[in-house]
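# Topology and contacts: notes
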Amino acid sequence: MFDQLFQPMDLGGQTLPNRLVLPPLTRSRAGKDGVPTPLMAEYYRQRSGAGLVISEGTVVSPQGASYARVPGLYSEQQVRGWRPVVEAAKSRGAAVYAQLWHVGRQAHSSVQPDGGRPWAPSAIAITGWQYRSPQGRVPFEEPRELSLDGIKDIVEQFAVAARNAMAAGFDGVELHAANGYLFDQFLNSSSNQRTDQYGGSVENRLRFLNEVIDAVSSFVPAHRIGVRISPSSTWMDAFDPDKRGLYSALVRSISPRGLAYLHLVEPGIAGAIDSADHAEPITSAELGALFDGPVIVTGGHTPWSAAAAVGAGDADLVGFGRLFISNPDLPARIRMGAGLAELRHEGLYGGGATGYTDYPELQTAN
Ligand SMILES: Cc1cc2nc3c(=O)[nH]c(=O)nc-3n(C[C@H](O)[C@H](O)[C@H](O)COP(=O)(O)O)c2cc1C
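Residues numbered from 1 in each chain as written. Predicted model: local features only at pLDDT ≥ 70, side-chain atom pairs only at ≥ 80, totals over all residues. Heavy atoms only, no water.

### A look at the site of the ligand
Inspection of the region around the ligand gives 20 residues, with Thr26, Arg228, Gly300, Gly321 and Arg322 positioned closest. Side-chain polar atom of Arg228 to an oxygen atom of the ligand: 2.6 Å apart, as the coordinates give it. Separating an oxygen atom of the ligand from a backbone N or O atom of Gly321 is a distance of 2.8 Å. Look at the ligand: alone it shows 620 Å² of surface, and the protein chains cover 96% of it. In the shell around the ligand, the residues fall into 8 nonpolar, 10 polar and 2 charged. (Near = heavy atom within 4 Å. Polar contact = N/O pair within 3.5 Å; in protein donor to acceptor, adjacent residues only side chain to side chain. Areas by Shrake-Rupley, 256 points an atom, 1.4 Å probe, with all protein chains shown as cover. Nonpolar A, V, L, I, M, F, W, Y, C, P; charged D, E, K, R; others polar.)

Structural data, given as structure tokens:
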């Protein structure tokens, strides 16, 4: 019934064993200084039956981080920590990509290396949501506006992190341009009121993303760079009066670059949860049709909807976030038509093995 999901395919010159993706999932189990741990290797090994494994959001600099115990790719120690994790994720033939992340104005002065307010394209605070601090929810702060040199530094941070990702054994990188983080803050006019070459016209708002792709391409070939966007989401105040025009222009702009893939978050998802609150649903079929290359869709999928999307040619690969957390052997279960376990909220972010590596695999007779 799910045969389409088990057809191998080529992604950036690698043969993926199936069409199932472990999408990026922040689980906050890194050690001190954002160094990956042996427990993380066990978690990724359990989920290595996917065709493509994308790492949890991995910050390109301390300045780009917002949450505790998130891994990074800016230090030698982190590169060393990632190696066994990447090896474990590759153990059953998956391609393994690192998701590169800078949160921009979703950070807070309490976690900035210089104790100052976070950095963003413009000095506009998020007002519709609150920052989750260890002491509870607090208002987001007005960010500091990035100077041209500040932007150049961040472009460089992405390039260095991409180089480090390859040194750690990753097959490629995914740029996290979804969910209202830094790329999305440049893209949407509600968070970008700049009057220089990074603001104003859609072409200008796309400049930061394209410059990062250029810089990353010095270390990772274009056919190993993926881009993730969430075109319908207004989560974290990602507002724009013309989302359809904005993201269509984005896809048209990156399409000729020969990238590994376009990763689309489906309408109806706000960050990590379901939401009916999206201004203007833009279907993945519509945007994917503008992209000349493999398309991944993630968000609210079941094995049935995934098979339908691949069968209809609307997507090449389908990500399962919450279902892959609770079903480490999800590909095997789908193939067998077995039942799926439900997510427990305990241990979703932070903690140890509980809620992380203790979801059982199906018992098979032997
Ligand atoms: C615990 C958790 C952490 C997440 N962390 C990330 C992340 O680091 N980067 C990202 O792009 N999306 C992140 N997401 C969003 C997922 O990749 C995915 O888009 C979302 O869960 C919807 O897919 P699903 O309905 O299959 O769960 C996270 C979601 C969850 C549930």
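### As for the packing of aromatic side chains
Between two aromatic rings, the relevant description is the distance of the centres plus the angle of the planes. For the structure shown, the criterion picks out 14 aromatic pairs. Ring geometry for Trp101 against Tyr181: centres 5.2 Å apart, planes inclined by 90 degrees, an arrangement best described as edge-to-face. Of this pair, Trp101 sits in strand 5 (residues 95-101) while Tyr181 sits in the loop between strand 10 (172-177) and helix 4 (182-187), and the two are 80 residues apart along the sequence. Taken individually, Trp101 and Tyr181 each receive the classification buried, so the pair is uniform in this respect. Seen in terms of ring centroids, Tyr181 and Trp235 are 6.4 Å apart; in terms of plane orientation they differ by 70 degrees. Their pairing is edge-to-face. Highlighted residues: Tyr181 in the loop between strand 10 and helix 4 and Trp235 in the loop between strand 11 (225-229) and helix 7 (243-254), separated in sequence by 54 residues. The residues Tyr181 and Trp235 share a single accessibility class, namely buried. Among the aromatic side chains, those forming a connected cluster through ring pairs are Tyr67, Trp101, Trp129, Tyr181 and Trp235. Positioned above the aromatic ring of Tyr349 is the side chain of Arg132, whose terminal nitrogen or guanidinium carbon lies 5.4 Å from the ring centre. Directly above the aromatic system of Tyr359 lies the positively charged group of Arg344, at a separation of 4.4 Å from the ring centroid. (Phe/Tyr/Trp six-rings, centres within 6.5 Å; stacked < 30°, edge-to-face > 60°. Helix = DSSP H or I, 4+ residues; strand = E, 2+ residues; numbered from the N terminus. Buried < 20%, exposed > 50% of the residue type's maximum accessible area, 1.4 Å probe, protein only. Lys NZ or Arg CZ within 6 Å of the ring centre and 35° of its normal.)

### What about unusual backbone geometry?
Glycine aside, the phi torsion of most residues is negative, and most peptide linkages are trans. Even without glycine at this site, Asp33 takes up a positive phi of about 60 degrees. Tracing the sequence through the fold places Asp33 in the loop between strand 3 (20-22) and helix 1 (38-46). Although it is not a glycine, Asp237 sits at a positive phi angle of roughly 60 degrees. For Asp237, the position within the fold is in the loop between strand 11 and helix 7. Using a relative accessible area of 9% as the deciding quantity, one classes Asp237 as buried.

### What about the pairing of strand 15 (residues 295-298)?
Residues Val295 and Val297 line one face of strand 15 and the alternating positions Ile296 and Thr298 line the opposite face, and both faces are buried. Relative to strand 15, strand 12 (residues 261-265) runs parallel, the two sharing 4 bridges. What sits directly across from Leu264, in strand 15, is Val297. After leaving strand 15, the chain enters helix 9 (residues 303-311) and then returns to the sheet as strand 16 (residues 317-319), a path that is right-handed. (Pairing = 2+ DSSP bridges. Right-handed = clockwise from strand over helix to strand, strands pointing away.)

### Considering the packing of helix 1 against helix 2 (residues 76-89)
Where helix 1 meets helix 2, the closest approach of the two axes is 7 Å, and the angle between their N-to-C directions is 15 degrees. The angle between helix 1 and helix 2 places the two elements in the roughly parallel class. The handedness of the crossing between helix 1 and helix 2 is right-handed. Packed against helix 1, whose contacting residues are Met40, Ala41, Tyr44 and Arg45, the element helix 2 presents Trp82, Pro84, Val85, Ala88 and Ala89 at the interface. (Axes fitted to C-alpha atoms, helices over the stretch in contact; angles between N-to-C directions. Parallel < 35°, antiparallel > 145°, perpendicular 65-115°, else oblique. Left-handed = near helix turned anticlockwise from the far one by under 90°. Contact = heavy atoms within 4.5 Å.)

### Considering the nonpolar core
Formed by 82 residues in total, the largest nonpolar core has its most connected members in Leu100, Phe158, Leu175 and Phe208. For this core, the element with the most residues is helix 3 (residues 148-167), which contributes 8 residues. Those residues in contact with Phe158, other than ones at most four positions away along the chain, are Val60, Leu100, Trp101, His102, Leu175, Phe183, Phe208, Val212 and Val216. Among the nonpolar cores identified, the runner-up in size contains 13 residues, and Val59, Val70, Phe140 and Ala270 belong to it. (Core = buried A, V, L, I, M, F, W, Y, C linked by side-chain atoms within 4.5 Å.)

### Details of helix 1
Regarding helix 1, the residues found buried are Met40, Ala41, Tyr43, Tyr44 and Gln46. Along its buried surface, helix 1 packs onto strand 3, strand 4 (52-59), helix 2 and helix 10 (322-326).

### Some words on the pattern of salt bridges
By the definition in use, this model includes 12 salt bridges. Residue Arg45 is joined to Glu42 by a salt bridge in which the shortest nitrogen-to-oxygen separation is 3.1 Å. On the criterion of helical spacing, the pair formed by Arg45 and Glu42 is a turn pair, its members being 3 residues apart in helix 1. Across the pair Arg322 and Asp274 runs a salt bridge, and its minimum N-O distance is 2.8 Å. With a gap of 48 residues between them, Arg322 in helix 10 and Asp274 in strand 14 (residues 273-274) connect regions that are remote in the sequence. A relative accessible area of 30% means that Arg322 is categorised as partly exposed. (Salt bridge = Lys/Arg side-chain N within 4 Å of Asp/Glu carboxyl O.)

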